[in-house]
Amino acid sequence: MTKLSRLLIVLSLLVTLVAIPVFAQEFRATLNGTVNDAQGAVIPGATVIATQTNTGSKSEATAGAGGQYTLPFLAPGSYTVEATAQGFKRFRQENIQLGTNQRVSLNIALEVGDIVETVTVTSDAPLLTSNSAATGQVISQEVIDSIPMSGRTPMSLAAIAFGVTAMSDPRFTRPFDNAGPSGISMGGAPNRSNELLNDGAPNTTRDRRVAYNPPVDAVGEVKVEVFQSDASYGNTGGGTVNVTTKAGTNRFRGALYNFNQVEDLAATDFFVNQSGGKKTNSVYNQWGVSAGGPVFIPKLFDGRNKLFWQFNYEGIKNRQPEPFRTTVPTAANRTGDFSQQLALGSRYQIHDPLTGALQPNGTILRTPFAGNVIPQNRISAIAPNVLSFFPQPNAAGAADSQDNYQVNTNRGDDFFTTLGRMDFNISDNHKMFFSMQQTSARSFAASPSASTISRKATS
């Protein structure tokens, strides 16, 4: 072992010791089974090794007296399984796919012969999941990479799994929308009563929304389990959704992407057109970078099969029209004339607050203003100055002049997220990884009164 390798091990152990502990449910897979000969007799002492295809990470187990073996804590991915025993040919099974939190069985049959000979099984492995009562569906990386996603939020894919019903507004599935992607009912349970996980760690806010949405290019698969019987899981009235992030591999890989919706291709809002207003700014721009591979320092350290890194960055700039109606004083109202409203019914009658006569039933009866018009000498001199900050009506509004002003405001969202992950294969039986996620978000919407007053005061 080189000095650099020893140093990396020491640093990794220090990081483990000083890190804040996070209690998590297990998201890695388990492979087990029995090793037999051609006649079905068990073979104790057989060696079984699972090698992850992309990283070269090895996990080894020895079959017990009953021929049974167990390989726990296998990261989701593709594996090659080999089995050897004295007096038997080497067994090799390639392309065994293990998903998040899967417990699968692979029974191995060895043929009598020399150990240098290899029997390679090329057909699909007879993987069984009968050792777990949980029912779930794995949304694989191939599906994640190919299926269209509005907002590109992996958590939203849980809605396409069986036994899951989407309960939220489909417009709000962007990475900075916490309620939308997690607004699902699982197995008939109430909306947002599920356990949401990120690499097995709790990823739920206090009000049961998703806390963090990683970029799509950082996700390996999404495991949706409508019925979860495993005692290690809890804190759910429905099911569990486990988002598993990618790890670096022995190959350097990366991607750049940009998804853009521009103003020129967006229509003007119906109510903006109706009031004769101008189209407001509309844009949605989502961009990012993804990269990963082995830690490699030329002539100093080769981290292939040992040490891997993964990095993702994503940014979003969103500007969308958010027009709505409000009410401002009419020209008549500004002079104290509310006769137009009185014509619609007595409920609009304005009474003189300086009058009042006690009635026999204990109520106080005030005198109405004649014609529902407030006398000029009763209007404060300050009122015209205050009213000057309010715009004139720009829409017909209702008969009583309600909703007579169309406000063409914009809503904006700026979102940035960074994800980093390191994986370290310390030995065949010791693996470690740690990850960091950071987000920065800002949302703003113009208030109709504030924006109007600001424009008046500036002018």
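Just so it is clear, the structure is predicted and the values come from calculations on it, not from any experiment.

## As for the overall build of the protein
Of regular secondary structure, the protein possesses eight helices and 27 strands. Looking at the protein as a whole, 39% of its 459 residues qualify as buried. On the protein, roughly 24,400 Å² of surface is accessible, and the fraction owed to carbon and sulfur atoms is 57%.

## Details of the confidence of the model for the protein
Overall, the prediction assigns the protein a mean pLDDT of 84, with 86% of residues at 70 or greater. Averaged pLDDT values over the elements of the protein bottom out at 41 in helix α8 (residues 448-458) and peak at 94 in strand β18 (residues 283-294). Ignoring residues within four places in sequence, the model shows residues 7-23, a span with pLDDT below 50, making 11 contacts including any to other chains. Here residues 450-459 is modelled with pLDDT under 50, and outside its nearest four sequence neighbours on either side it reaches 10 contacts, counting other chains as well.

## A word on a nonpolar patch on the surface
A contiguous nonpolar patch, built from I382, V386, F389 and F390 and spanning about 360 Å² of accessible area, is present on the exposed surface. Assessed through its relative accessible area of 35%, F390 is described here as partly exposed.

## Here we look at the nonpolar core
If you look at the biggest cluster of nonpolar residues, it comprises 24 residues, and the most contacted ones within it are L31, V35, Y69, I108 and L110. When residues of this core are traced back to their parent elements, those giving at least two are β1 (29-37), β2 (47-52), β4 (68-74), β5 (77-84), β6 (90-98) and β8 (108-110). Residues contacting L110, with those up to four places away along its chain left out, are V35, N36, D37, A38, I43, A83, A85, F88, K89 and F91. Residues M149, M155, M186 and V226 belong to the second largest nonpolar core, which totals 19 residues.

## Overview of the environment of M155
Position of M155 among the secondary structure elements: in the loop between α2 (141-146) and β11 (164-166). When its relative accessible area of 4% is taken as the criterion, M155 is described as buried. With 25 residues separating them in the primary sequence, M155 and G180 have C-alpha atoms 9.5 Å apart. In this structure M155 touches P181, S182, I184, L196, V210, N213 and V241, once residues within four positions along its chain are discounted.

## Quick look at the sheet that holds strand β26 (residues 410-427)
Sheets are built from strands paired through backbone hydrogen bonds, the pairs being either parallel or antiparallel. Across the sheet, five strands lie side by side as β17-β18-β21-β26-β27; this open sheet has antiparallel pairing. Every other strand in the sheet has two partners, leaving β17 (253-261) and β27 (430-445) as the edge strands with one partner each. Between one strand axis and the next, the sheet turns through 5° on average, direction left out of account. As paired strands, β17 and β18 are joined by nine bridges and run antiparallel to one another. Bridging across to β18, F259 finds its partner in Q286.

## Comments concerning the environment of Y79
You can see Y79 is positioned in strand β5. In this structure the C-alpha to C-alpha distance between Y79 and T53, which are 26 residues apart in sequence, comes to 5.4 Å. Ignoring anything within four residues of it in the chain, the contact list for Y79 reads A50, T51, Q52, T53, L74, Q93, E94, N95, I96 and L98. Reaching out from Y79, the side chain makes a polar contact with the backbone oxygen of A75 at a distance of 2.7 Å.

## Considering the pattern of salt bridges
Enumeration over the complete set of coordinates arrives at 17 salt bridges. Among the ionic pairs, R92 bridges to E82, the shortest N-O distance being 2.6 Å. With R92 in strand β6 and E82 in strand β5, this pair connects stretches of sequence that are 10 residues apart. Between D352 and R378 there is a salt bridge whose closest N-O contact spans 2.8 Å.

## Quick look at the pairing of β18
Relative to strand β21 (residues 307-321), β18 runs antiparallel, the two sharing 12 bridges. Bridged to S290 within β21 is N312.

## Quick notes on the environment of T120
Of note, T120 is situated in strand β9 (residues 118-121). A C-alpha to C-alpha distance of 10.0 Å links T120 and V81, two positions 39 residues apart in sequence.

## Notes on the pairing of β2
One face of the sheet, then the other: side chains in a regular strand alternate in exactly this way. Here five bridges tie β2 to strand β3 (residues 58-62), and the two strands are oriented antiparallel to one another. Looking across to β3, one finds that T47 is bridged to T62. Between the end of β2 and the start of β3, which pair antiparallel, lie five residues, with G56 showing a positive phi angle near 75°. Relative to β5, β2 runs antiparallel, the two sharing six bridges. The partner of T47 across the bridge, within β5, is T84.

Definitions and limits used
Residues numbered from 1 in each chain as written. Predicted model: local features only at pLDDT ≥ 70, side-chain atom pairs only at ≥ 80, totals over all residues. Heavy atoms only, no water. Helix = DSSP H or I, 4+ residues; strand = E, 2+ residues; numbered from the N terminus. Buried < 20%, exposed > 50% of the residue type's maximum accessible area, 1.4 Å probe, protein only. Areas by Shrake-Rupley, 256 points an atom, 1.4 Å probe, with all protein chains shown as cover. pLDDT = per-residue confidence, 0-100. Contact = heavy atoms within 4.5 Å. Patch = residues over 30% accessible without salt bridge, like charges linked within 9 Å, V, L, I, M, F, W, Y side chains within 5 Å. Salt bridge = Lys/Arg side-chain N within 4 Å of Asp/Glu carboxyl O. Core = buried A, V, L, I, M, F, W, Y, C linked by side-chain atoms within 4.5 Å. Pairing = 2+ DSSP bridges. Axes fitted to C-alpha atoms, helices over the stretch in contact; angles between N-to-C directions. Polar contact = N/O pair within 3.5 Å; in protein donor to acceptor, adjacent residues only side chain to side chain.

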